[in-house]
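# A structural walkthrough
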Amino acid sequence: MAKITYVEHNGTKHEVEVANGLTVMEGARDNNIPGIEADCGGACACSTCHVYVDTAWLDKLPEKDAMEEDMLDFAYEPDPERSRLTCQIKVSDALDGLVVQMPEKQI
(Lines give C-alpha, C1' and ligand atoms only; values in the text may rest on other atoms or scores of the structure.)
Protein backbone atom coordinates (compact mmCIF):
# COMPACT_ATOMS: atom_id res chain seq x y z
CA MET A 1 0.00 0.00 0.00
CA ALA A 2 1.07 3.52 -0.72
CA LYS A 3 -0.37 6.81 0.47
CA ILE A 4 -0.88 9.06 -2.51
CA THR A 5 -1.93 12.69 -2.35
CA TYR A 6 -4.07 13.92 -5.21
CA VAL A 7 -4.29 17.71 -5.37
CA GLU A 8 -7.17 19.27 -7.25
CA HIS A 9 -6.52 22.33 -9.39
CA ASN A 10 -8.12 24.49 -6.68
CA GLY A 11 -5.67 23.15 -4.07
CA THR A 12 -7.99 20.67 -2.33
CA LYS A 13 -5.94 17.66 -1.22
CA HIS A 14 -7.07 14.05 -1.04
CA GLU A 15 -4.69 11.63 0.69
CA VAL A 16 -5.68 8.02 0.13
CA GLU A 17 -4.14 4.59 0.44
CA VAL A 18 -3.84 2.71 -2.85
CA ALA A 19 -3.13 -1.00 -3.03
CA ASN A 20 0.06 -2.21 -4.68
CA GLY A 21 -0.49 -3.38 -8.23
CA LEU A 22 -3.17 -0.83 -9.03
CA THR A 23 -2.38 2.25 -11.06
CA VAL A 24 -2.47 5.79 -9.71
CA MET A 25 -5.51 6.29 -11.98
CA GLU A 26 -7.32 3.31 -10.45
CA GLY A 27 -6.57 4.70 -7.00
CA ALA A 28 -8.24 7.98 -7.96
CA ARG A 29 -11.21 6.22 -9.54
CA ASP A 30 -11.73 3.84 -6.62
CA ASN A 31 -11.62 6.72 -4.12
CA ASN A 32 -13.85 9.09 -6.11
CA ILE A 33 -11.12 11.69 -6.55
CA PRO A 34 -12.42 14.53 -8.75
CA GLY A 35 -10.30 15.72 -11.65
CA ILE A 36 -9.23 12.40 -13.15
CA GLU A 37 -11.79 11.26 -15.70
CA ALA A 38 -10.02 8.18 -17.13
CA ASP A 39 -12.34 7.95 -20.13
CA CYS A 40 -10.46 5.05 -21.74
CA GLY A 41 -10.37 3.03 -18.52
CA GLY A 42 -6.59 2.85 -18.37
CA ALA A 43 -5.76 1.73 -21.91
CA CYS A 44 -3.46 4.73 -22.57
CA ALA A 45 -5.80 5.74 -25.38
CA CYS A 46 -6.71 9.22 -24.12
CA SER A 47 -5.21 11.86 -21.87
CA THR A 48 -8.01 12.29 -19.33
CA CYS A 49 -5.98 10.96 -16.41
CA HIS A 50 -3.23 13.56 -16.89
CA VAL A 51 -1.51 14.96 -13.80
CA TYR A 52 1.55 16.97 -12.87
CA VAL A 53 3.91 14.95 -10.67
CA ASP A 54 5.50 16.75 -7.73
CA THR A 55 9.10 17.53 -8.67
CA ALA A 56 10.46 15.54 -5.71
CA TRP A 57 9.07 12.38 -7.36
CA LEU A 58 10.20 12.85 -10.95
CA ASP A 59 13.35 10.71 -10.63
CA LYS A 60 11.54 8.02 -8.62
CA LEU A 61 9.03 7.09 -11.34
CA PRO A 62 9.68 4.87 -14.34
CA GLU A 63 10.32 6.76 -17.57
CA LYS A 64 7.48 7.51 -19.94
CA ASP A 65 7.25 5.16 -22.88
CA ALA A 66 6.55 6.34 -26.44
CA MET A 67 2.81 5.65 -26.21
CA GLU A 68 2.43 7.78 -23.07
CA GLU A 69 4.51 10.57 -24.65
CA ASP A 70 2.20 10.52 -27.69
CA MET A 71 -0.96 10.69 -25.56
CA LEU A 72 0.42 13.58 -23.51
CA ASP A 73 0.45 15.64 -26.71
CA PHE A 74 -3.36 15.68 -26.37
CA ALA A 75 -3.40 16.65 -22.67
CA TYR A 76 -4.45 20.06 -21.38
CA GLU A 77 -1.34 22.23 -20.90
CA PRO A 78 1.20 19.40 -20.65
CA ASP A 79 4.47 20.09 -18.87
CA PRO A 80 7.41 18.37 -20.61
CA GLU A 81 8.94 17.36 -17.27
CA ARG A 82 6.07 16.89 -14.81
CA SER A 83 3.15 15.61 -16.92
CA ARG A 84 2.24 11.94 -16.62
CA LEU A 85 -0.76 9.75 -17.34
CA THR A 86 -1.80 8.12 -14.09
CA CYS A 87 -2.90 4.97 -15.91
CA GLN A 88 0.76 4.32 -16.66
CA ILE A 89 2.07 4.54 -13.08
CA LYS A 90 1.83 1.27 -11.12
CA VAL A 91 1.54 1.63 -7.36
CA SER A 92 4.12 -0.03 -5.11
CA ASP A 93 5.52 0.61 -1.64
CA ALA A 94 8.17 2.76 -3.34
CA LEU A 95 5.45 5.29 -4.24
CA ASP A 96 4.38 5.88 -0.63
CA GLY A 97 4.04 9.66 -0.32
CA LEU A 98 3.62 10.40 -4.03
CA VAL A 99 1.96 13.76 -4.74
CA VAL A 100 0.22 14.53 -8.02
CA GLN A 101 -1.68 17.65 -9.05
CA MET A 102 -4.54 17.71 -11.50
CA PRO A 103 -4.66 20.24 -14.32
CA GLU A 104 -7.44 22.80 -14.54
CA LYS A 105 -9.35 20.44 -16.83
CA GLN A 106 -9.00 17.21 -18.77
CA ILE A 107 -9.55 17.07 -22.53
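Quick note: structure is the one above.
Residues numbered from 1 in each chain as written. Predicted model: local features only at pLDDT ≥ 70, side-chain atom pairs only at ≥ 80, totals over all residues. Heavy atoms only, no water.

What follows deals with the sheet that holds strand β1 (residues 2–7). Pairing is mixed across the open sheet formed by 5 strands, whose spatial order is β2-β1-β5-β3-β4. Edge positions in the open sheet fall to β2 (13–18) and β4 (83–85), since each of these has one partner strand only. Between one strand axis and the next, the sheet turns by 35° as a mean value, whatever way the strands run. The pairing of β1 with strand β5 (residues 99–101) spans 3 bridges and is classified as parallel. Paired with tyrosine 6 across the strands is valine 100, a residue of β5. (Pairing = 2+ DSSP bridges. Helix = DSSP H or I, 4+ residues; strand = E, 2+ residues; numbered from the N terminus. Axes fitted to C-alpha atoms, helices over the stretch in contact; angles between N-to-C directions.)

We now examine the pairing of β1. Looking down a regular strand, the side chains alternate between one sheet face and the other. Among the 6 residues that make up β1, 5 are buried, leaving the element largely enclosed by the rest of the structure. Connecting β1 to the antiparallel partner β2 that follows it, the hairpin turn spans 5 residues, and glycine 11 within it adopts a positive phi of roughly 100°. (Buried < 20%, exposed > 50% of the residue type's maximum accessible area, 1.4 Å probe, protein only.)

Another aspect to go through is the nonpolar core. Core analysis: the largest hydrophobic core is formed by 28 residues, its most contacted members being Tyr6, Ile36 and Leu98. Elements with a minimum of two residues in this core: β1, β2, α1 (24–30), β3 (50–53) and α2 (66–72). Apart from residues no more than four positions distant in its own chain, isoleucine 36 is found in contact with Tyr6, Met25, Ala28, Thr48, Cys49, Val51, Thr86, Met102 and Gln106. (Core = buried A, V, L, I, M, F, W, Y, C linked by side-chain atoms within 4.5 Å. Contact = heavy atoms within 4.5 Å.)

The next point concerns the pattern of salt bridges. Inspection of every chain in the model, using the stated rule, returns 3 salt bridges. Of the charged contacts in the structure, one is a salt bridge between arginine 84 and glutamate 68, with a shortest N-O distance of 2.8 Å. Taken together, the positions of arginine 84 in strand β4 and glutamate 68 in helix α2 put the pair 16 residues apart, joining distant regions of the chain. Overall, arginine 84 belongs to the buried group, its relative accessible area being 5%. Of the residues examined, glutamate 68 reaches a relative accessible area of 1% and is grouped as buried. (Salt bridge = Lys/Arg side-chain N within 4 Å of Asp/Glu carboxyl O.)

This part covers the packing of aromatic side chains. How two aromatic rings sit relative to each other is given by the distance of their centres and the angle of their planes. Taken as a whole and judged by the stated rule, the model has 0 aromatic pairs. The cationic tip of lysine 60 hangs over the ring face of tryptophan 57; the distance from NZ or CZ to the ring centre is 4.7 Å. (Phe/Tyr/Trp six-rings, centres within 6.5 Å; stacked < 30°, edge-to-face > 60°. Lys NZ or Arg CZ within 6 Å of the ring centre and 35° of its normal.)

Everything listed here is a matter of geometry and, on its own, says nothing about what the molecule does.
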